[in-house]
Each structure stands twice: as C-alpha cells, then as structure tokens.
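Letter by letter, the chains look like this.
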Amino acid sequence: MARRIDVTGAGGVRLAAWEFADPPKADGGVGTQPGPGVLLLHGLMGRAAHWARTARWLATRHRAVALDQRGHGRSEKPADSPFDRATYVADAEAAVEQLGLAPVTLIGHSMGALTAWQLAARRPDLVRALVICDMRASALGSASQAEWAEWFASWPLPFATLADVRKWFGEDDPRLERPNPARGDFFAEVMTERSDGWRPVFSRRQMLKARAAWVHDAHWEELALVECPTLVVRGLDGELGRAEAQEMVRVLPRGEYAEVTDAGHLVHYDQPDGWRRAVEPFLASVLPA
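Everything numeric in this text was worked out from a predicted model, so none of it was measured.

I'd like a description of the pairing of strand 8 (residues 197–200), backed by residues and values.
Summarising the sheet, strand 7 (residues 191–194) and strand 8 pair through 4 bridges and their orientation is antiparallel. Residue pairing across strands places Met191 opposite Pro200, the latter belonging to strand 8. A loop of 2 residues connects strand 7 with strand 8, the two strands running antiparallel in sequence.

Go over the sheet that holds strand 9 (residues 230–235) with me, naming the residues and quoting the values.
Strands sit in the order 1-2-4-3-5-6-9-10 across an open sheet of 8 strands; the sheet is mixed. Where the open sheet ends on each side, the last strands, each with one partner, are strand 1 (2–8) and strand 10 (255–260). Put simply, the sheet's adjacent strands are angled 20° from each other on average, direction ignored. Those strands touched by helix 9 (residues 242–251) are strand 6 (127–133), strand 9 and strand 10, and its axis lies near 155° from that of strand 10.

Run through the confidence of the model for the protein chain, naming residues and quoting values.
The predicted model of the protein chain averages 94 in pLDDT, with 95% of residues at 70 or higher. With pLDDT under 50 throughout, residues 24–33 is counted as low confidence; its partners more than four residues away or in other chains account for 9 contacts.

Any details on the packing of helix 2 (residues 85–98) against helix 3 (residues 111–122)? Residues and values, ideally.
Running from N to C, helix 2 and helix 3 point in directions that differ by 75°, and their axes come no closer than 9 Å. One finds that helix 2 runs roughly perpendicular with respect to helix 3. Taking contact as the criterion, the partners of Arg85, Ala86, Tyr88, Val89, Ala90, Ala92, Glu93 and Val96 in helix 2 are, on helix 3, Met111, Leu114, Thr115, Gln118, Leu119 and Arg122. In terms of residue class, the contact of helix 2 with helix 3 is made up of 9 nonpolar, 2 polar and 3 charged.

Any chance you could break down the nonpolar core for me, citing the residues and the numbers?
Membership of the largest hydrophobic core comes to 70 residues, with the highest contact counts inside it found for Leu39, Met45, Trp117 and Trp155. Per-element accounting of this core gives the leading share, 8 residues, to helix 3. Contact partners of Leu39, with chain neighbours within four places excluded, come to Val65, Leu67, Ala92, Ala95, Val96, Leu101, Val104, Thr105, Leu106 and Ile107. Ranked by size, the runner-up nonpolar core spans 30 residues in total, among them Ala258, Trp275, Val279 and Phe282.

Reading the values: rules and limits
- Residues numbered from 1 in each chain as written.
- Predicted model: local features only at pLDDT ≥ 70, side-chain atom pairs only at ≥ 80, totals over all residues.
- Heavy atoms only, no water.
- Pairing = 2+ DSSP bridges.
- Helix = DSSP H or I, 4+ residues; strand = E, 2+ residues; numbered from the N terminus.
- Axes fitted to C-alpha atoms, helices over the stretch in contact; angles between N-to-C directions.
- Contact = heavy atoms within 4.5 Å.
- pLDDT = per-residue confidence, 0-100.
- Parallel < 35°, antiparallel > 145°, perpendicular 65-115°, else oblique.
- Nonpolar A, V, L, I, M, F, W, Y, C, P; charged D, E, K, R; others polar.
- Core = buried A, V, L, I, M, F, W, Y, C linked by side-chain atoms within 4.5 Å.
- Buried < 20%, exposed > 50% of the residue type's maximum accessible area, 1.4 Å probe, protein only.

Right, here's the structure in full:
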C-alpha cells in the first residue's frame with residue numbers, strides 16, 4: 001500500500017511523495033516498522049508509481065518513499081516553474097529533510113539518478129548510499145535535444161484508448177528497434193483521459209525544458225564528489241554504455257558496477273527481477289539490517 005505525503009519543494013511548489021509500507025496485519029497491528037530511509041527518484045516523464053515493484057520489496061526492511069518530481073505525476077506543474085538542475089536537487093533535498101529520511105539511500109533512474117548524485121555531492125551529510133540506474137555522465141549535446149523535440153512532435157495525440165497508447169509506445173514508435181510491451185505499459189501509466197482522448201499527464205514543453213538543463217553539460221566533476229558507496233547499474237541494451245559505466249565507477253570514490261541482461265533503458269521496470277538481483281546485495285552491504 002502507498003500513502004501520499006505532500007512535500008514543499010523549492011519556491012513553494014507542492015510535490016507528491018508516496019510512502020510504501022506493509023499492509024496492516026490481521027490482528028489490527030501495523031506492518032514492518034520503518035527502517036533506513038530510501039528515496040526513489042524517477043526519470044524524465046516518469047512518476048513515483050513506476051517504482052512500485054521496487055518499493056514493495058524495499059519496504060520489508062526499509063522506509064521506502066518515491067517522489068513525483070516537479071512537472072510529473074501528481075506534483076504541481078506551474079507554467080512559470082524553473083526546471084533547472086539546482087531546483088530539482090533542492091526539491092529532493094527538501095523531501096529528504098521534511099520526511100526525516102536522512103541519512104538516506106538515493107535510488108535514481110535516468111534524470112532522477114543525476115538528481116541523486118548531484119544531491120549526494122552537494123549534501124554528503126544527508127546521503128548514506130546511492131544507486132545510479134542507466135544515466136550518462138557525458139554531455140549528450142544539441143543534436144540529442146533536437147531529436148527529442150522531433151520525437152515529441154511525432155506522438156499521435158490524443159490516443160483513443162489506453163490500448164492504443166500501449167501499442168504505439170510498445171510496437172509502433174519509430175524509435176523502437178523491436179517490440180517492447182513493458183515500454184508500452186510504462187507510458188500507459190503516465191497518460192490521463194481528457195475530453196478528446198488520452199494525453200500525457202506532463203507537458204512535453206516542460207519535459208524539454210527540464211532535459212535542456214543537463215544534456216549540454218558533462219557531470220563527471222560532480223560524480224567525483226560523491227563520497228558514499230555507489231552502485232552504477234545499466235541495462236545491457238540501455239542508453240548507458242558499458243565503457244562509460246565502468247569509467248563512472250572508476251571516477252566514483254566508492255563505486256561498484258552491475259548490469260542487467262535483457263534490459264533496456266527502463267531497467268527497473270522491464271526487468272524487475274534482474275534489477276532486484278543487481279541492487280539488493282548492494283543495499284544489504286551498505287544499509288543496517
């Protein structure tokens with residue numbers, strides 16, 4: 001079960017956090033008592049619910065909280081909101097402090113992983129350990145941003161049904177090399193029904209704005225400032241190449257490496273069992289029982 005807790009982010013923006021816990025016991029008691037804090041940060045276009053399977057097994061031993069970052073999920077999406085890196089990091093910092101999660105383990109996917117390691121570099125006192133899932137430290141450049149703008153423009157909105165969402169993102173999207181049903185399910189979770197059909201819960205303009213804040217820069221220097229134990233995880237067919245991932249591990253003062261076979265960029269979502277096998281031993285080694 002998940003309980004919503006509102007967090008006040010940078011500039012007063014309301015953020016929705018979701019705490020996952022064992023269901024109440026039959027005798028009326030509560031489930032497992034909260035353990036070490038874990039904050040889960042989704043990637044661009046994602047939402048806290050994408051961490052549900054991970055959060056459920058984490059919640060048996062840890063206090064697992066997933067955050068809808070600004071512009072995503074059920075958090076606020078103000079038109080004039082900043083979407084720069086400092087703001088996303090400040091939001092995550094606010095969540096850790098307001099929810100009493102420190103010293104926290106940060107688990108981030110893609111953009112959320114960058115936010116996690118930037119927070120760990122900025123506030124080492126708050127962070128116990130870090131898991132980076134399929135996020136590059138190298139600059140991606142202007143061409144990458146232009147490709148994303150073209151991709152957003154190609155979406156056949158609105159979708160008539162959720163089945164159409166799953167089919168387009170899981171089968172018909174020209175960016176796909178082969179069918180990926182899990183990808184279709186992933187995007188079905190970030191759609192909402194409106195009067196004319198199904199549309200994303202986020203603004204594509206805001207997503208491009210958020211992405212522009214990191215694609216033009218490299219992030220190696222911040223990575224080198226991360227003092228805590230850190231696991232770098234990549235999907236074998238993901239966006240983070242093996243050579244770059246291993247270089248990230250070398251740059252990290254206390255870095256470790258893992259990869260998940262048969263996984264693409266959405267490692268934790270499309271291969272949850274392989275993801276757990278990669279991450280759980282690391283957490284057991286760095287977190288108190």
